[in-house]
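Take a look at the letters that make up each chain.
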Amino acid sequence: MPVCLSFVVPVYNEEATIKPLAKKIHKVMNQEGIANYEIIFVDDGSRDGSWIQIRDLVNQYPTQIKAIKFRKNFGKAAALSAGFQNSTGKIIFTLDADLQDDPAEIPQFLQKLDEGFDLVSGWRHQRNDPLSKKLPSKLFNKVTSKVAGIRLHDFNCGFKVYRKEVLDSLKLYGELHRYIPVLAHGLGFRVGEVVVHHFPRQHGSSKYGWERYTRGLIDLLTVFVVTRFLYKPGHLFGNMGLIFGFLGVGSLTYLAILWFIGLGPIGTRPLLFFGILSTILSVQLISLGILAELNTRHVDSDYIDKQISEIIGGKYSEQGLDKITFSSNVSIQ
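Residues numbered from 1 in each chain as written. Predicted model: local features only at pLDDT ≥ 70, side-chain atom pairs only at ≥ 80, totals over all residues. Heavy atoms only, no water.

1. Digging into the pairing of strand β5 (residues 119-123)
Applied cut-off: For every residue, the accessible area (1.4 Å probe, protein chains only) is compared with the maximum for its type, and the residue is labelled buried under 20%, exposed over 50%, or partly exposed between those bounds. In this description a helix means any DSSP run of H or I spanning at least four residues, a strand means any run of E spanning at least two, and both kinds are numbered starting from the N terminus. Strands qualify as paired when DSSP identifies two bridges or more between them.
In terms of residue burial, β5 counts as a mostly covered element, since 4 of its 5 residues are buried. Direction of pairing for β5 relative to strand β6 (residues 160-163): antiparallel, over a ladder of 3 bridges. Bridge assignment links Ser121 to a residue of β6, and that residue is Lys160. The pairing of β5 with strand β7 (residues 191-195) spans 5 bridges and is parallel. Following the sheet pairing, Val120 is matched in β7 by Gly192.

2. Regarding helix α2 (residues 50-60)
Operational definition: Working note: the arc is built from the helix axis to C-beta atom directions. Residue contacts are defined here by distance: any two heavy atoms, one from each residue, within 4.5 Å place the two residues in contact.
When α2 is considered as a whole, its buried residues turn out to be Ser50, Ile54 and Leu57. Down the axis of α2, the smallest arc covering the buried residues is 55°, so these residues share one side. Relative to its buried face, α2 has exposed residues pointing more than 90 degrees away, namely Asn59 and Gln60. Against β1 (5-11), α1 (18-32), β2 (37-43) and β3 (65-69) lie the buried residues of α2.

3. Comments concerning the sheet that holds β2
For clarity, the threshold we go by: Axes here refer to lines fitted to C-alpha atoms; in helices the fit is confined to the stretch in contact. Angles between the N-to-C directions go from 0 to 180 degrees.
The strand order β3-β2-β1-β4-β6-β5-β7 describes an open sheet built from 7 strands, whose pairing is mixed. Each having just a single partner strand, β3 and β7 make up the two edges of the open sheet. Taking the axes of each pair of neighbouring strands and ignoring which way they run, one obtains an average angle of 20° across the sheet. Taken strand by strand, helix α3 (residues 76-85) contacts β1, β2, β3, β4 (91-94) and β6, and its axis lies near 150° from that of β1. Its contacts with the sheet put helix α4 (residues 106-114) on β1, β4, β5, β6 and β7, and the angle it makes with β5 is roughly 140°.

4. Some points on the side chain of Asp96
Here is the rule: Identification of polar contacts relies on pairs of N or O atoms within 3.5 Å, with a donor-acceptor requirement for protein atoms, meaning one able to donate a hydrogen and the other able to accept it, and with residues adjacent in sequence counted only if both atoms are side-chain atoms.
Along the chain, the position of Asp96 falls in the loop between β4 and α4. In terms of polar contacts, Asp96 uses its side chain to reach the side chain of Lys76, at 2.7 Å. Those residues in contact with Asp96 that sit more than four places away from it in its chain are Val9, Leu21, Lys76, Asp101 and Gly158.

5. Section: the side chain of Asp154
Assignment of secondary structure puts Asp154 in the loop between α5 (131-148) and β6. For Asp154, a relative accessible area of 3% puts it in the buried group. A polar contact of 3.3 Å, which involves the side chain of Asp154, links it to the backbone nitrogen of Cys157.

6. A few points about a nonpolar patch on the surface
What counts, and what does not: Like charges are joined within 9 Å and nonpolar side chains (Val, Leu, Ile, Met, Phe, Trp, Tyr) within 5 Å, but only among residues with over 30% relative accessible area and no salt bridge; these make up the patches. All accessible areas in this document rest on Shrake-Rupley with a 1.4 Å probe, and a residue is counted as covered only by the protein chains that are shown. Salt bridges are counted wherever a side-chain nitrogen of Lys or Arg sits within 4 Å of a carboxyl oxygen of Asp or Glu.
A cluster of nonpolar residues, Leu242, Phe246, Ile286, Ile290, Leu291 and Leu294, forms a patch on the protein surface that exposes about 620 Å² of accessible area. Every element with two or more residues in the nonpolar patch is listed here: α9 (233-260) and α10 (270-296). Ranked by residue count, the leading element in the nonpolar patch is α10, at 4 residues. Locating Ile290 in the fold gives a position in helix α10.

7. A word on the packing of α1 against α2
As a reminder, the rule being used: Gly counts as polar in this scheme, as do all residues outside two lists: the nonpolar Ala, Val, Leu, Ile, Met, Phe, Trp, Tyr, Cys and Pro, and the charged Asp, Glu, Lys and Arg.
Contact geometry for α1 and α2: axes closest at 9 Å, N-to-C directions at 35°. Between α1 and α2, the contacting residues are Ile18, Lys19 and Ala22 on the first element and Ser50, Gln53, Ile54, Asp56 and Leu57 on the second. Of the residues belonging to the contact of α1 with α2, the class tally is 4 nonpolar, 2 polar and 2 charged.

Dropping the structure here:
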């Protein structure tokens with residue numbers, strides 16, 4: 001029987017909570033009558049006994065538990081990517097291993113998916129974390145929501161559920177895991193949100209500090225560019241180049257008029273250097289935009305194929321039938 005649900009759990013020094021989390025997930029699955037599921041623990045270079053706990057679970061539940069171990073800590077995005085690549089379920093959950101998220105919330109995520117959403121993110125409305133974490137997180141969420149144009153209250157919540165095709169359309173690296181809803185929204189997937197309970201941390205310590213938010217803001221700029229200008233980089237660099245070009249040409253024109261009407265020397269004015277630098281920068285940005293457009297023409301068309309959600313009508317040759325999966329929709333693999 002094919003796997004229906006996959007649970008991807010990144011782990012970093014969480015030896016005390018791994019087995020209780022697996023037990024909670026098993027309990028919910030039994031209550032819901034779901035037998036075809038898998039739990040994938042990804043040990044992201046833990047230095048405690050996390051891997052021993054995970055290995056014991058594999059020995060106890062060899063058909064339902066998968067284990068992936070990194071040689072060192074590569075970060076949550078890498079751990080999630082490894083879990084996604086090794087998952088076989090059509091619906092994929094992500095949970096943090098610290099037991100602050102409650103697996104009992106799983107049914108309401110599935111219910112939200114049934115409403116037509118492709119990705120559902122948890123919202124820790126009553127967050128049980130120190131004020132030093134809640135305040136910057138609140139500001140971060142508001143800025144991200146405004147810039148990304150998607151109304152979510154909690155981008156950093158690790159409790160999410162995805163349809164498989166959402167993750168097949170994305171490439172994660174760096175710290176982009178927190179922006180999966182933004183990336184999915186940019187590709188046209190429907191993104192929803194449910195309120196979840198959030199429990200105080202009972203074991204271990206938080207793995208994030210203030211530097212997480214500074215990196216996050218830099219990644220937000222990356223996401224903004226990727227979601228809006230991935231296939232039209234010339235528009236981004238070209239518009240920036242035109243802005244600097246107008247500033248540079250305008251400044252130099254103004255100084256030239258002053259020189260012609262005899263209102264003093266212009267060679268020592270800071271505006272002259274600003275005009276020259278702006279003009280040079282304008283040429284460089286426009287040139288970069290042209291090069292980026294040329295490079296875009298060589299992007300693999302497979303990325304576009306993955307964005308097709310449905311094809312209706314027409315005939316398919318026998319040679320092409322192996323690329324088509326018939327379900328409720330016809331999707332290109």
